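Secondary and tertiary structure notes
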Amino acid sequence: MAPRLYHRAYEILAAQIGDGTLAPGMRLTESSVAEQFGISRAPARRALAELERNGFVTKSSGRGYSVQGAPSANKAVPKPATDEDMRLVSRPSWERIYGEVEDEVIGRISFANWRVNEAELARYYGVSRTVARDVIGRLQSRGLLRKDERSRWYAPALTPEHVGELYELRSILEPIALAKAVPHVPPSFLSQMRAHLEDAVANAEAIEGPVLDSLEEEMHVKLLGFCGNRTLMQAITLPQSLLIAHRFLYRWTPRLFKTEPFLPEHLEVVAHLDAGDAAKAAAALERHLKVSGGRALARVDVIRRDFRAESLPYLEQLDGS
């Protein structure tokens, strides 16, 4: 998954400080950072706060921050920014803020329902209402937002009832998609899946969130995508909003289980596919999904207990949640 907007800016600035491009004594402000990367002041502010926390800059007696140089040796300095990193402004406006908004929403639906205010979203990030609408549309297409009876956007909480409904849908639809995909899956793709899973199992105690994300996507998105039925894949999109949420949950709860329990379950599906038995592969996938709901809720419980979200003007917690 792409880093959040403020973190990309932080890494580039930290690298520039580390290689001397930004020399000690130089001043950085929210407005100058926002202008440099073509971003709003909100992620610029967070990037500067992260630089201060890691010793790259200090709060200036006047306005802004003063560059201190690279921190002590025990602090990691990001690699120098590439040309692609520097072109933050080359991405469509909605893409520049989408990842951060998605994370903010997912972090909060672990413990409540939230209304999303389009106008405040645009104002907070300094973008147009059209851009804010594009972000909301993307969140809706990925199953994270719905409309209430008054056509207002809201993000439903990951309650046991909601998670149970989503996994029930997945356990019905995904095995059907898998059975349709089997005749079209290239052998090289299955070999790649097996290799990735076996490597993950061999390193299970050290595996981190991004690897788990990629393995989930390989099984539940890329493999099923070979089914060739667009309508079916669109129907799967809503319950698969949990896959999007897992990206956040894995980062916050990487060691909830000593070894990630879905790894051998994915391997069982691949083994049946390798053997040419589509029915057994679909049945194994169904069993995997039926036991996965409880594990997802265990992760949600950790977030509900430990995650502390800052107040954001475009997200309003709904009463009774």
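Bear in mind that the values here come from a model prediction, so they are computed numbers and not experimental data.

Within a pair of aromatic rings, the relevant descriptors are the distance that separates the centres and the angle that separates the planes. Within this structure, the stated rule accounts for 6 aromatic pairs. Look at Y125 and Y314: their rings are 5.9 Å apart centre to centre, the planes differ by 45°, and that puts the pair in the tilted class. Taken together, the residues Y125 in helix α6 (residues 118-125) and Y314 in the loop between α14 (278-306) and β7 (315-317) connect sequence positions 189 residues apart. Here the two residues Y125 and Y314 agree in accessibility, since each one is buried. Ring centres 5.2 Å apart and planes at 70° place the aromatic pair F189 and F226 in the edge-to-face group. With F189 in helix α9 (residues 187-202) and F226 in the loop between α10 (209-223) and α11 (230-237), the pair connects residues that are 37 residues apart, well separated along the chain. You can call F189 buried: its relative accessible area is 10%. Taking the relative accessible area as the measure of exposure, F226 reaches 26% and is therefore partly exposed. Linked through ring pairs, Y124, Y125 and Y314 together constitute an aromatic cluster. Directly above the ring of Y6 sits R46, whose terminal nitrogen or CZ lies 4.5 Å from the centroid. Directly above the ring of W114 sits R108, whose terminal nitrogen or CZ lies 5.9 Å from the centroid.

So, on to the sheet that holds strand β6 (residues 153-155). Taken in spatial order, the 4 strands make up an open sheet running β5-β6-β4-β7, and their pairing is antiparallel. Among the strands making up the open sheet, the edge pair consists of β5 (146-147) and β7. With 2 bridges connecting them, β5 and β6 associate as antiparallel partners. Residue K147 lies in a different strand from β6, and its bridge partner there is W153.

Right, let's get into the sheet that holds strand β1 (residues 27-28). Strand order in the open sheet formed by 3 strands is β1-β3-β2, with antiparallel pairing between adjacent strands. The sheet terminates laterally at β1 and β2 (57-59), the two strands that pair on one side only. Inspection of the sheet shows β2 paired to strand β3 (residues 65-67) by 3 bridges, in the antiparallel sense. Along β3, the bridge assignment pairs V57 with V67. This element, helix α3 (residues 41-53), spans β1, β2 and β3 of the sheet and lies at about 105° to β2.

Buried within α11 we find L232, M233 and I236. All buried residues of α11 project into a common sector of 100° when viewed along the axis, lining one side. Away from its buried face, by an angle of more than 90 degrees, α11 presents the exposed residues R230, T231 and Q234. With a side-chain oxygen positioned 3.1 Å from the backbone nitrogen of T231, the residue opening α11 is N229.

A few words on the nonpolar core. Among soluble globular proteins, nonpolar side chains are generally buried collectively. Residues L51, V57, V101, L121, L178, L223 and V269 are the most contacted members of the largest nonpolar core, which totals 81 residues. Beyond its immediate sequence surroundings of up to four residues, V57 is in contact with I17, L28, L48, L51, E52, Y65, S66, V67 and Q68.

All right, on to the environment of Y65 then. Within the element layout of this structure, Y65 appears in strand β3. Residue class for Y65 comes out buried when judged on its relative accessible area of 10%. Linking Y65 and M26, residues 39 residues apart in sequence, is a C-alpha distance of 8.3 Å. Each residue touching Y65, except ones within four places of it in the same chain, is listed here: M26, R27, L28, L48, A49, E52, V57, T58, K59 and S60.

What counts, and at which threshold
- Residues numbered from 1 in each chain as written.
- Predicted model: local features only at pLDDT ≥ 70, side-chain atom pairs only at ≥ 80, totals over all residues.
- Heavy atoms only, no water.
- Phe/Tyr/Trp six-rings, centres within 6.5 Å; stacked < 30°, edge-to-face > 60°.
- Helix = DSSP H or I, 4+ residues; strand = E, 2+ residues; numbered from the N terminus.
- Buried < 20%, exposed > 50% of the residue type's maximum accessible area, 1.4 Å probe, protein only.
- Lys NZ or Arg CZ within 6 Å of the ring centre and 35° of its normal.
- Pairing = 2+ DSSP bridges.
- Contact = heavy atoms within 4.5 Å.
- Axes fitted to C-alpha atoms, helices over the stretch in contact; angles between N-to-C directions.
- Arc of directions from axis to C-beta.
- Polar contact = N/O pair within 3.5 Å; in protein donor to acceptor, adjacent residues only side chain to side chain.
- Core = buried A, V, L, I, M, F, W, Y, C linked by side-chain atoms within 4.5 Å.

Coordinates in, geometry out; function isn't part of it.
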